[in-house]
2 protein chains.
Amino acid sequence: MSTMETRQRLPAAERRESILAAASVVFGERGYAGATTDQIAVAAGISQAYVVRTFGSKEALFVEVAHRAVGRIETAFRTAIATDDGEPVDKRLGQAYLDLIADRGILLSLLHIFSLGNDPAIGPIGRDGFLAIYRLLRDEAGLSPEDASHFLAEGMLINTVLALQLHDSDDPDALELVTNACGGDLSRFRALAAG
Amino acid sequence: MSTMETRQRLPAAERRESILAAASVVFGERGYAGATTDQIAVAAGISQAYVVRTFGSKEALFVEVAHRAVGRIETAFRTAIATDDGEPVDKRLGQAYLDLIADRGILLSLLHIFSLGNDPAIGPIGRDGFLAIYRLLRDEAGLSPEDASHFLAEGMLINTVLALQLHDSDDPDALELVTNACGGDLSRFRALAAG
DNA sequence: GTCTATATTTCGATAGAC
DNA sequence: GTCTATCGAAATATAGAC
C-alpha cells in the first residue's frame, strides 16, 4: 500500500483557484522572492512541479495573485458604493476594506506589491492598481481628491499595523495605536492571528 | 598586470559603514530575500565573501540595516522637535520625514521590514521600531494619540506612492495624488528617480 | 583587511510516466 | 490531470592564501 493518500483529480479551473489561494498566503508570509514554489505546493496539497506547470513560472503565478488582490479591492469598493445602507460612503468603504484585508494573504500580498515598484513585471501592476483605486474613490465614490487621499492614508496605516501584527501585542500603546488606526472592533483580526 | 584595480584598504569601522550603505540600497530595491550578498558586494566595490565575513551572515546584515533605518527616523524626529523655527511641530516632523526618505534605500528598507512582520528576526525590529516612533510622536512631540495616528497614516501613504514611483508617472491623476500625499515640492523625488 | 576558490544547499524548471 | 525524478543555475557560507 502507498503511504500517500490518493490525490483528488480536479478540473483545471478549480485547481488553478486552489493554487492561487495557497499562493496568496505563502507569498504574503514570505514575499515574492522569499516564497518557494514548493511551499506553495505543500499548502495547496500538490507537487511542486505541478505548481510550476500550471502557471508556467513562479513569476507568472505571482502576477496572477497580484492582479487578483487588486481586483478584489475594486470589487469590494464598488459593492460598498452600490450598497447604500444610510451610512456615509467613506464609512462603508472603510468597513469594506477592513473586511477584505482580514484575509491576511491579501493584505500582505498588497504590501509586497507596493514595495516592489522597481520590478519590471510587478511594478506596473502596483502602479496601475493603486491609481485605479484612487480614481474609483474619487470618480465613483465621489470623494474629493483630499478626502480620497486621506482615505488611502488611513488604509496604508491599517496595512502597516496589521502587517506588523501590532493587533496581537499586549503593549497598551500598541492597542491604542491600532484602535485609532482601525476603529474599535479588533476582534476579527485577533481571531485570525490565533489560527 | 592585473585587470583589477588595487582595492582600497579601509579600517574595519569604515568598511562596515560602506557595506551598510550599499546594503540599504540593494535590500531596498530587491527586498531581503530578493537581494543577494553578491549584489551588495558589487555595490560596495568588494568581494562577496568579504560582505558575509564582515557581518557573519546575510540576515545579520539586514538586521543591522533595519536597525539603522529605524534609528535614523528617531534621530530625525528628535532633531525636528528640538529645532523650533516657529513652524508647528507636525509641520517640522513632516518635513524631516520627507527629507529622510528622499533616500530611497531607507524608504524601501522600511517597507520591506513592515511586510515581514512574521519573520522571527525581522518582525520584532519592525514592531519595536514602529511603537517607539509612535511614542516619540505622542510623548516627545506632544501630539495627541489621534494626531499621532493621523501623522503616521500620512507617512504610510507617502511611503506607498514613492515606493510605487508614482512621482515619476506622467499621469495627471498620479500627480494629483502624489501632490496631495506629499505636499507641493516634489522636485527632490523626481531628481532622485533620474539617477 | 581582503581576495580566490569552492563546498553545500536550495530552488525553479523540464522530461516523461501514468 | 498529476506525479517522480532530475538537471542546471544560483546563492550563502567556509577555507585558506596574501
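About the cut-offs
Residues numbered from 1 in each chain as written. Chains lettered and ligands numbered in written order. Predicted model: local features only at pLDDT ≥ 70, side-chain atom pairs only at ≥ 80, totals over all residues. Heavy atoms only, no water. Buried < 20%, exposed > 50% of the residue type's maximum accessible area, 1.4 Å probe, protein only. Helix = DSSP H or I, 4+ residues; strand = E, 2+ residues; numbered from the N terminus. Contact = heavy atoms within 4.5 Å. Polar contact = N/O pair within 3.5 Å; in protein donor to acceptor, adjacent residues only side chain to side chain. Salt bridge = Lys/Arg side-chain N within 4 Å of Asp/Glu carboxyl O. Near = heavy atom within 4 Å. Buried area = accessible area lost by both parts, 1.4 Å probe. Nonpolar A, V, L, I, M, F, W, Y, C, P; charged D, E, K, R; others polar. Core = buried A, V, L, I, M, F, W, Y, C linked by side-chain atoms within 4.5 Å. Least-squares fit on C-alpha atoms with pLDDT ≥ 70 in both. Phe/Tyr/Trp six-rings, centres within 6.5 Å; stacked < 30°, edge-to-face > 60°. Lys NZ or Arg CZ within 6 Å of the ring centre and 35° of its normal.

For chain A, an unreviewed UniProt entry supplies the name DNA-binding transcriptional regulator, AcrR family and the organism Jiangella alkaliphila.

Q: Would you mind showing me how to read helix α6 (residues 104-114) of chain A here?
A: For an α-helix the count is 3.6 residues per turn, leaving residues at separations of three or four pointing the same way. With respect to burial, α6 of chain A is a largely interior element, eleven of its eleven residues being buried. Buried residues of α6 of chain A: Arg104, Gly105, Ile106, Leu107, Leu108, Ser109, Leu110, Leu111, His112, Ile113 and Phe114 of chain A, and no others. Buried residues belonging to α6 of chain A abut α1 (12-30), α4 (58-82), α5 (89-101), α7 (123-140) and α8 (145-163) of chain A together with α8 (145-163) of chain B. Regarding α6 of chain A, its N-cap is aspartate 103 of chain A, as a side-chain oxygen of that residue lies 2.9 Å from the backbone nitrogen of glycine 105 of chain A further along.

Q: Explain the pattern of salt bridges to me, please; I cannot follow it from the model alone.
A: Opposite charge on two side chains lets them pair, provided their charged atoms get close. Tallied over the entire structure, the rule returns 23 salt bridges over all chains. For arginine 78 of chain B, the salt bridge is made with glutamate 140 of chain B, and the minimal N-O distance between the two is 2.7 Å. Of the two residues, arginine 78 of chain B sits in helix α4 (residues 58-82) while glutamate 140 of chain B sits in helix α7 (residues 123-140), which places them 62 residues apart along the sequence. A relative accessible area of 39% places arginine 78 of chain B in the partly exposed class. Each of the salt bridges in this network shares a partner with another, and the network as a whole consists of Arg135, Arg138 and Asp139 of chain A together with Asp171, Asp173 and Glu176 of chain B.

Q: Help me understand the side chain of arginine 188 of chain B in this model?
A: Tracing the chain through its elements places arginine 188 of chain B in helix α10 (residues 187-194). A polar side-chain atom of arginine 188 of chain B sits 2.6 Å from a polar atom in the side chain of aspartate 99 of chain B.

Q: What's the story with the side chain of threonine 160 of chain B in this structure? I'm lost.
A: By the secondary structure assignment, threonine 160 of chain B is in helix α8. With near-sequence residues (within four places) excluded, threonine 160 of chain B lies in contact with Phe114, Phe130 and Met156 of chain A.

Q: What is the right way to read the environment of phenylalanine 27 of chain A from this model?
A: Residues and elements named next belong to chain A. Mapped onto the elements, phenylalanine 27 comes out in helix α1. Residue classification places phenylalanine 27 among the buried positions, given a relative accessible area of 0%. The spatial distance from the C-alpha of phenylalanine 27 to the C-alpha of glycine 86 is 38 Å, given a sequence separation of 59 residues. Beyond its immediate stretch of four places on either side in the chain, phenylalanine 27 contacts Tyr32, Ala35, Ile40, Lys58, Leu61, Phe62, Val65, Ser109 and His112.

Q: Even after reading the chapter, I still don't get the protein's contact with DNA strand D, so can you show me in this structure?
A: Every one of the 21 residues lining DNA strand D counts as a neighbour, but Arg7, Leu10, Ala12 and Tyr50 of chain A together with Thr37 of chain B are closest to it. Per the 4 Å cut-off to the protein, sugar and phosphate atoms form 65% of the nearby atoms of DNA strand D. In the environment of DNA strand D, a phosphate oxygen lies 2.9 Å from a nitrogen or oxygen atom belonging to the backbone of glutamine 8 of chain A. Mapped by element, the contributors of at least two residues to the surface near DNA strand D are α1 and α3 (48-55) of chain A together with α3 (48-55) of chain B. Counting residues per element, the surface near DNA strand D draws most heavily on α3 of chain B, at four residues.

Q: Please clarify how the protein's contact with DNA strand C should be interpreted in this entry.
A: Taken together, 21 residues lie near DNA strand C, and Thr37 of chain A together with Arg7, Leu10, Ala12 and Tyr50 of chain B sit nearest. Leucine 10 of chain B places a polar main-chain atom, nitrogen or oxygen, 2.7 Å from a phosphate oxygen of DNA strand C. Contributions of two or more residues to the surface near DNA strand C are made by α3 of chain A together with α1 (12-30) and α3 of chain B. Looking at the surface near DNA strand C, the element that brings in the most residues is α3 of chain A, giving four residues.

Q: What is the right way to read the interface of chain A and chain B from this model?
A: Interface size is often expressed as the accessible area that is lost when the parts come together. Each partner contributes residues to the interface: chain A has 44 residues there, and chain B has 44 residues. With both chains or domains summed, chain A and chain B bury close to 3,700 Å², and 60% of this area falls on carbon and sulfur atoms. Three residues stand out in chain A for area buried against chain B, namely Ser115, Asn118 and Leu164 of chain A, and they jointly supply 16% of the buried area on that side. Where chain A meets chain B, there are eight salt bridges. With its nearest N and O atoms 2.9 Å apart, the salt bridge here joins arginine 138 of chain B to glutamate 176 of chain A. On inspection of chain A and its partner chain B, the count reaches 19 residue pairs in polar contact (both at pLDDT 80 or more). Top element by residues in the side of chain A that touches chain B is α8 of chain A. It accounts for twelve residues. Of the residues contributing to the side of chain A that touches chain B, the split by class is 21 nonpolar, twelve polar and eleven charged.

Q: I tried to follow the environment of cysteine 182 of chain A on my own but got confused; where do I start?
A: All names here are of chain A. Inspection of the secondary structure puts cysteine 182 in helix α9 (residues 172-182). C-alpha of cysteine 182 to C-alpha of leucine 137: the two residues are 45 residues apart in sequence and 19 Å apart in space. What cysteine 182 contacts, discounting residues up to four positions off in sequence, is Leu98, Ile158, Val161 and Leu162.

Q: Which parts of the structure should I look at to understand the nonpolar core?
A: Considering soluble globular proteins, one finds that nonpolar side chains tend to be buried as a cluster. If you look at the biggest cluster of nonpolar residues, it comprises 92 residues, and the most contacted ones within it are Phe130 and Val161 of chain A together with Phe130 and Val161 of chain B. Sequence-distant contacts of phenylalanine 130 of chain B, defined by excluding residues within four places in its chain, comprise Leu157, Thr160, Val161, Leu164, Leu166 and Leu177 of chain A together with Phe114, Leu152 and Met156 of chain B. Of all hydrophobic cores here, the second largest spans 23 residues; its members include Val51, Phe62, Ile122 and Ile125 of chain A.

Q: Can you help me understand the relation of the copies chain A and chain B in this one?
A: Related by rotation about an axis and a shift along that axis, the two copies of the chain form a pair. Rotating chain A by 180° and moving it 0.0 Å along the rotation axis overlays it on chain B with an RMSD of 0.0 Å. The superposition operator between the copies reduces to a two-fold rotation axis.

Q: Got a minute to help me understand the packing of aromatic side chains in this structure?
A: Each aromatic ring pair is summarised here by two numbers: the centre-to-centre distance and the angle between the ring planes. A complete count under the given rule lists twelve aromatic pairs over all chains for this structure. When the ring of phenylalanine 27 of chain A is compared with that of tyrosine 32 of chain A, the centres are 6.0 Å apart and the planes differ by 40°; the resulting orientation is tilted. Relative to phenylalanine 130 of chain B, the ring of phenylalanine 114 of chain B has its centre 5.5 Å away and its plane inclined at 90°; by these criteria the two rings are edge-to-face. Of this pair, phenylalanine 114 of chain B sits in helix α6 (residues 104-114) while phenylalanine 130 of chain B sits in helix α7; the two residues are 16 residues apart in sequence, bridging distant segments of the chain. Residue phenylalanine 114 of chain B is classed as buried on the basis of its relative accessible area of 8%. Judged by its relative accessible area of 4%, phenylalanine 130 of chain B falls in the buried class. Ring pairs connect the aromatic residues Phe27, Tyr32 and Phe62 of chain A, which therefore count as one cluster. Against the face of tyrosine 32 of chain A rests lysine 58 of chain A, its NZ or CZ located 5.0 Å from the ring centre.

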